[in-house]
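Structural overview for review
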Amino acid sequence: MKNWDLQDEKGLCTAEKDCEDAFRVCQILDIPFHQVSYVKEYWHEVFSNLLKEYEKGRTPNPDILCNKHIKFNHFHKYAVDTLGADAMATGHYARTSQEDEEVFQQTYTAPPTSLFRDRFEIRNPVKLCKGADLVKDQTFFLSQISQDALRQTLFPLAGLTKGFVKKIAAEAGFHHVLKRKESMGICFIGERNFENFILEYLEPKPGNFVSIDDGTVVGTHKGWFTLTLGQRARIGGQKDALFVVDKDITTGDVFVAPTTNHPSLFRDTLRTDRFHWIAVDPPAELARTQMMECHFRFIHQMPLVPCTVTLNMNGSVWISLSQPLRALTPGQFAVLYKGDECLGSGKIVQLGPSEYTLQQGRERLLAATQIKQQQTPEPAS
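Throughout what follows, the structure given in this document is the object of discussion. All of these numbers come straight from a predicted model, not from anything done at the bench.

About the thresholds
- Residues numbered from 1 in each chain as written.
- Predicted model: local features only at pLDDT ≥ 70, side-chain atom pairs only at ≥ 80, totals over all residues.
- Heavy atoms only, no water.
- Helix = DSSP H or I, 4+ residues; strand = E, 2+ residues; numbered from the N terminus.
- Buried < 20%, exposed > 50% of the residue type's maximum accessible area, 1.4 Å probe, protein only.
- Contact = heavy atoms within 4.5 Å.
- Areas by Shrake-Rupley, 256 points an atom, 1.4 Å probe, with all protein chains shown as cover.
- Core = buried A, V, L, I, M, F, W, Y, C linked by side-chain atoms within 4.5 Å.
- Pairing = 2+ DSSP bridges.
- Axes fitted to C-alpha atoms, helices over the stretch in contact; angles between N-to-C directions.
- Parallel < 35°, antiparallel > 145°, perpendicular 65-115°, else oblique.
- Left-handed = near helix turned anticlockwise from the far one by under 90°.
- Nonpolar A, V, L, I, M, F, W, Y, C, P; charged D, E, K, R; others polar.

**Comments concerning the overall build of the chain**
What the chain contains, in helices and strands, is 10 helices and 16 strands. Within the chain, the proportion of its 381 residues that are buried is 40%. Within the chain, counting contacts between residues at least 6 apart in sequence, those at least 24 apart form 65% of the total. On the chain, roughly 21900 Å² of surface is accessible, and the fraction owed to carbon and sulfur atoms is 54%.

This is the structure:
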């Protein structure tokens, strides 16, 4: 599957290398090789959305969107409808609640013709669960995929660790794949400098770096979209490190604070847009009481944090965390877990107040109370 067309600066197109590697594996296994291009779809459904999000001051996650729109949508449909496959297998470290045999025994059901589902239809949704290798677990990146695609997907690496997979590959003679470096960057940017990359697509919008503590201008930047919350701000002439804590896209100001753990970076509540439940419907407990306790993460591999979820009328959710977290970022995905099960995700669209804002509020309240007490005359005895 080829999603991106540009060569990186070194003139080396990694997609060609990926293609070559896959072709060699197919030759060794003596299975047919098919290549399909989704460059156009990727541009319209993932990349242009990504640029819009950056312009709104958010920090999107293209890997989650690529799985949702491309791999588990266009590619999945191509495998099933065009190639006539019964299922699609991917190399994600994840598991489903289905046994492999069940995937193949499914009978085809035509999509519903009416807008509403038959509410008496007995549904037994397939669950998305963590893989055995908890360090490599990739359910985070699969948290937006559809129930229909999940039903027809196999994860052969479900019960394996990365180390064991490498051992199998070595024994099978796939040495060319073993030598590959692990890809960590955004799929199409690779190892490129992000600021240079994004400025190829968005007009620079210079603005000021402003101190959150005293409101002074401490430097300038090329556009708020080149920066994300929590990152170190590179400002010439500053001897101490400053970190991005907030952005105002109407003025172009990017607020910075002097330490990596400044209270303005910590928050414990957030709201998502309409939440995508892997099982289609929200969990019964949440639907019944509008509240549920579970676990949360917004970065792949970060430790799970206990939280309380409140379901809103429009399908969005409020999430209250058991502790304030650093650099919760609009545009990223709030992914929820109950035990081993990944329940789904929603894009973060609003944040609650920071610890710094709450602290300032408390101080103002205290000061006002003290002034009031001083002004109150003593009652005459």
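**Notes on the nonpolar core**
Core analysis: the largest hydrophobic core is formed by 67 residues, its most contacted members being L270, F296, I319, L321 and L336. Element by element, the count of residues in this core is highest for helix α2 (residues 39-55), at six residues. Filtering out sequence-adjacent residues up to four positions away, L336 remains in contact with F275, W277, C294, H295, F296, C307, V309, I319, E341, C342, L343 and G344.

**Thoughts on the environment of L265**
Secondary-structure assignment places L265 in the loop between β9 (253-257) and β10 (266-274). L265 gets classed as buried once you look at its relative accessible area, which sits at 3%. Sequence separation of L265 and A327 is 62 residues, and the distance between their C-alpha atoms is 5.2 Å. Those residues in contact with L265 that lie beyond four places of it in its chain are G230, F243, V244, V245, T260, L325, R326 and A327.

**So, the sheet that holds strand β5 (residues 207-211)**
The strand order across the open sheet formed by five strands is β6-β5-β9-β8-β7, and the pairing between neighbours is mixed. Edge strands, defined here as strands with exactly one partner in the open sheet, are β6 (217-221) and β7 (232-233). Across two bridges, β7 lies against strand β8 (residues 242-248) in antiparallel orientation. Across the sheet, A233 pairs through a bridge with L242, a residue of β8.

**Points about the packing of α2 against helix α3 (residues 62-82)**
Packing of α2 against α3 brings their axes to within 10 Å, and their N-to-C directions diverge by 160 degrees. By the angle between their directions, the pair α2 and α3 is classed as roughly antiparallel. α3 is crossed by α2, and the crossing has right-handed handedness. Across the interface between the two elements, E41, Y42, E45, V46, N49 and L50 from α2 touch P62, L65, C66, H69, I70, N73 and H74 from α3. Across the contact of α2 with α3, the residue classes break down as seven nonpolar, four polar and two charged.

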